[in-house]
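Inside the fold
Listed below, chain by chain, are the residues.
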Amino acid sequence: MAVIGAAFGAGMIVGPMLGGVLSAFDEKLPFYAVAALAAANWALAFWRLPESRPRELASPGTFELWRALVPTPLRLIAAVHERRVGLFLYLFFHLFTAFAVLESLITLYVAARFGATMLDVGLLFAWIGLVLVLTQGVALRRLVRWLDEAHLVALGLAAMGVGLALVPALPGFGWFYAAGALIAFGNGIAIPAFTSLFSKACRSDRTGELMGESQAMATTGRIVGPVCGGYLMQSVAPGAPFLAAGAMMLAALALFRAARAILVVPEIAP
């Protein structure tokens, strides 16, 4: 999970740089590049990604196909999942709703308050990506020697909550590099550990399906977060979305700790 997260962080470094270079030739070119990369990802996954379902199990039937077409949020509302899986899926939605506020609104916020340019924001996101790579590629491998996954999740959620809540109080654009590092560090240790805990809670014959559903909930959060955050920014105050996102992260920490006995599968001694 840490290696996957480090790859994600590397993408956050390359993405802003590539977008900035391509936009110098044509402002529409970055979007064509994104579409091309998405198509390449689909092709690579379709032809090269191995199947996670054990070979000894029978192929899914028509019922499984139709069930997979039902949107995950609706299935969660209908309580079709066991309690542990349902809690995990809700927390994926909760966490990514909060984090999406930073991803979608920070550009508008720093431009309005500090006059930051697109290049400034691109460099900031490149810095956040670099911290994410170092956290998941170097620091996390050392932290797991002293902390278990549940403690890593708790530490990461606390760091993200504090970092997001500090955004409205930052006196200058340069301070965003410090806050961004704190948020990236928290994300870099919490999300891989949380995803690992979720994978252990999944039955082996449904791991691929449920991991896909977790991403569906994360994507739903990325839809809800910007909409709600934009409303708060326009109707309450420019810094209100980040305060709300920080509060959501700390609320997620409280929920995770309260439900730890349900969420964390005990390790079975060999």
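Just so it is clear, the structure is predicted and the values come from calculations on it, not from any experiment.

Observations concerning the pattern of salt bridges
- The final tally for this structure, using the stated rule, is three salt bridges.
- For arginine 222, the salt bridge identified is with glutamate 103, shortest N-O distance 3.6 Å. Here glutamate 103 lies in helix H5 (residues 83-114) and arginine 222 lies in helix H9 (residues 207-235), a separation of 119 residues in the sequence.
- Among the salt bridges present, the one from lysine 200 reaches glutamate 149, with a minimum N-O distance of 2.9 Å. Taken together, the residues span a long stretch of sequence, with lysine 200 in helix H8 (residues 176-201) and glutamate 149 in helix H7 (residues 149-166) at a distance of 51 residues.
- A relative accessible area of 39% means that lysine 200 is categorised as partly exposed.

What to know about the nonpolar core
- Core analysis: the largest hydrophobic core is formed by 62 residues, its most contacted members being Ile106, Phe176 and Phe198.
- At the level of elements, H5, helix H6 (118-143), H7, H8, H9 and helix H10 (240-258) are the ones that each hand at least two residues to this core.
- In terms of residues, this core owes the most to one element, H5, which gives 16 residues.
- Apart from residues no more than four positions distant in its own chain, isoleucine 106 is found in contact with Val101, Phe125, Val167, Phe176 and Phe242.

With respect to the environment of glycine 186
- Relative to the elements of secondary structure, glycine 186 occurs in helix H8.
- The sequence separation of glycine 186 and alanine 154 amounts to 32 residues, and the corresponding C-alpha distance is 9.2 Å.

Some points on H10
- Compared with an ideal rise of 1.5 Å per residue, which puts 19 residues at 27 Å, H10 spans 27 Å between its outermost C-alpha atoms and is within 8% of the ideal.
- Residues of H10 that are buried: Ala240, Pro241, Phe242, Ala245, Gly246, Met249, Ala252, Leu253 and Phe256.

Some remarks on the packing of aromatic side chains
- Counted according to the given criterion, the structure contains 15 aromatic pairs.
- Their ring planes at 85° and their centres at 5.1 Å tell us that phenylalanine 46 and tryptophan 47 sit as a pair that is edge-to-face. The pair phenylalanine 46 / tryptophan 47 is uniform in exposure class, with both members exposed.
- Through pairs of rings, three or more aromatic residues link up here, namely Tyr109, Phe114, Trp127, Phe173, Phe176, Tyr177 and Phe242.

Reading the values: rules and limits
Residues numbered from 1 in each chain as written. Predicted model: local features only at pLDDT ≥ 70, side-chain atom pairs only at ≥ 80, totals over all residues. Heavy atoms only, no water. Salt bridge = Lys/Arg side-chain N within 4 Å of Asp/Glu carboxyl O. Helix = DSSP H or I, 4+ residues; strand = E, 2+ residues; numbered from the N terminus. Buried < 20%, exposed > 50% of the residue type's maximum accessible area, 1.4 Å probe, protein only. Core = buried A, V, L, I, M, F, W, Y, C linked by side-chain atoms within 4.5 Å. Contact = heavy atoms within 4.5 Å. Expected span 1.5 Å × (residues − 1). Phe/Tyr/Trp six-rings, centres within 6.5 Å; stacked < 30°, edge-to-face > 60°.

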